[in-house]
Amino acid sequence: MRVGIVILPEHRWWAAEPLWRMAEEYGFAHAWTYDHLGWRSLVDKPWFDAVPTLTAAATATSTIRLGTLVASPNFRHPVHFAREVTALDDISDGRLTLGIGAGGPGFDTTVLGGQAPAPAGRTERFEEFVELLDKILTQDNTSWYGEHYTAVEARRAPGCVQLPRLPFVIAANGPRAMRLAARYGQGWVTTGTNEGGDDLEAWWRGVAELTKRFDDTLAADGRAPHRVARYLQADAAPKYSLSSAEYFKEVVGRAAELGFTDVITHWPRTESPYEGTESTVEEIASEVLPEL
């Protein structure tokens, strides 16, 4: 089991840099940041872009993997994004993992003055985004004329450090997104479902059901299960995973029983969401991570 941590892009770099360094020093396997223009209750608070944040984090660290959790088509075009992630993969010396999701109807859409597509349209756009991004990152020259995107002789050079391209971790709960993850993903990430509301056990039952569906999807696609890493975004649950070290041990254990290879938590903040203390991170680093 590997454990990763999300550091929200909310701090000026003089305050953020020590967090990324500590994530590496504490022994986390990967560190992520959100890729939004603004996010939920923090939309009026300080917020920085994911790409330069990860670029700075790459220069401040040397071993920990870095990634987006998750990038979406809401405000990105595959041609330009391919250039950004190629540069990030180079700067990090092949430590970048690209988390990708369909995107939602929130601030990322309204701030640009457009209307979010209906769920079916959002999934279609997501499928096209992932397929085109994959082609640009693996082919020397790509032209594409789709419903949502156009690319005219988009170049790959120099290509990714990681070959044939950097790994995709695809966020998927629905059947079409799961098929996309089975086809293009080196990893699958889920937040579970919110059907149970504040019922923690209902959330875990939902996660178990999703893992079964993903197993079935992989089997239908002929993909070997061991070729696709499985990431659980643990803080989508009704209870914050770093509420205590003991509870985090429980989260890791239950995730492992369901076949997850990776668990992702969030660096504690002084207020909701993810309200907690850094002493819990220290305790986990000394007592939990060395045993995994």
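Each residue is numbered by its place in its chain's sequence as written, counting from 1. Local features are withheld for residues below a pLDDT of 70 in this predicted model, meaning they are given only at 70 or higher, and side-chain atom pairs are given and counted only at 80 or more; totals for whole chains, interfaces and linings count all residues. Side-chain numbers here rest on the full set of heavy atoms in the structure, without hydrogens or water.

*Asks:* Now, about the environment of Arg165: what can you tell me, with residues and values included?
*Replies:* To qualify as a helix, a DSSP run of H or I must reach at least 4 residues; to qualify as a strand, a run of E must reach at least 2; elements of each kind are numbered from the N terminus. Looking at the secondary structure, you find Arg165 in the loop between strand 6 (150-155) and strand 7 (168-171). In this structure the C-alpha to C-alpha distance between Arg165 and Val70, which are 95 residues apart in sequence, comes to 18 Å. For Arg165, the side chain forms a polar contact with the side chain of Asp134, separated by 2.7 Å. Pairs of N or O atoms within 3.5 Å make up the polar contacts considered here, provided that, within protein, one atom can donate a hydrogen while the other can accept it, and that residues adjacent in sequence are counted only when both atoms are side-chain atoms.

*Asks:* Can you tell me about the side chain of Thr265, naming the residues and giving the values?
*Replies:* For Thr265, the location among the structural elements is in strand 10 (residues 262-266). On the basis of relative accessibility, which here comes to 0%, the residue Thr265 falls in the buried class. Among the polar contacts made by the side chain of Thr265, one reaches the side chain of Ser241 at a distance of 2.7 Å. Look past the residues within four positions of Thr265 in its chain and what remains in contact with it is Gly4, Ile5, Val6, Phe28, Asp235, Tyr240, Ser241, Leu242 and Phe248. Working definition: with a 1.4 Å probe on protein chains only, accessible area under 20% of the residue-type maximum means buried, over 50% means exposed, and in between means partly exposed. Only heavy atoms matter for contacts: two residues are in contact if any of them lie within 4.5 Å across the pair.

*Asks:* Now, about a nonpolar patch on the surface: what can you tell me, with residues and values included?
*Replies:* What goes into a patch is any residue over 30% in relative accessible area without a salt bridge, connected to like charges within 9 Å or, for nonpolar side chains (Val, Leu, Ile, Met, Phe, Trp, Tyr), within 5 Å. The method behind every accessible area is Shrake-Rupley, applied with a 1.4 Å probe, and residues are considered shielded solely by the protein chains displayed. One side-chain nitrogen of Lys or Arg within 4 Å of one carboxyl oxygen of Asp or Glu is enough to make a salt bridge. Together, Leu37, Val43, Phe107, Val111 and Leu112 make up a nonpolar patch on the protein surface, roughly 380 Å² of accessible area in all. Structurally, Val43 is set in the loop between strand 2 (30-33) and helix 2 (50-60).

*Asks:* Before we move on, can you summarise the pairing of strand 10 with the specific residues and values?
*Replies:* Across the five residues that make up strand 10, a large majority, five, are buried. Two strands make a pair as long as DSSP finds a minimum of two bridges between them. Here strand 1 (residues 2-6) pairs with strand 10 via five bridges, running parallel. When the bridges of strand 10 are listed, Val6 appears paired with His266. Alignment of strand 9 (residues 229-233) against strand 10, held across three bridges, turns out to be parallel. Across the sheet, Tyr231 pairs through a bridge with Asp262, a residue of strand 10. Handedness of the crossover joining strand 9 and strand 10 through helix 8 (residues 245-257) is recorded here as right-handed. A crossover counts as right-handed when, viewed with the strands pointing away from the observer, the path leading from the first strand over the helix to the second turns clockwise.

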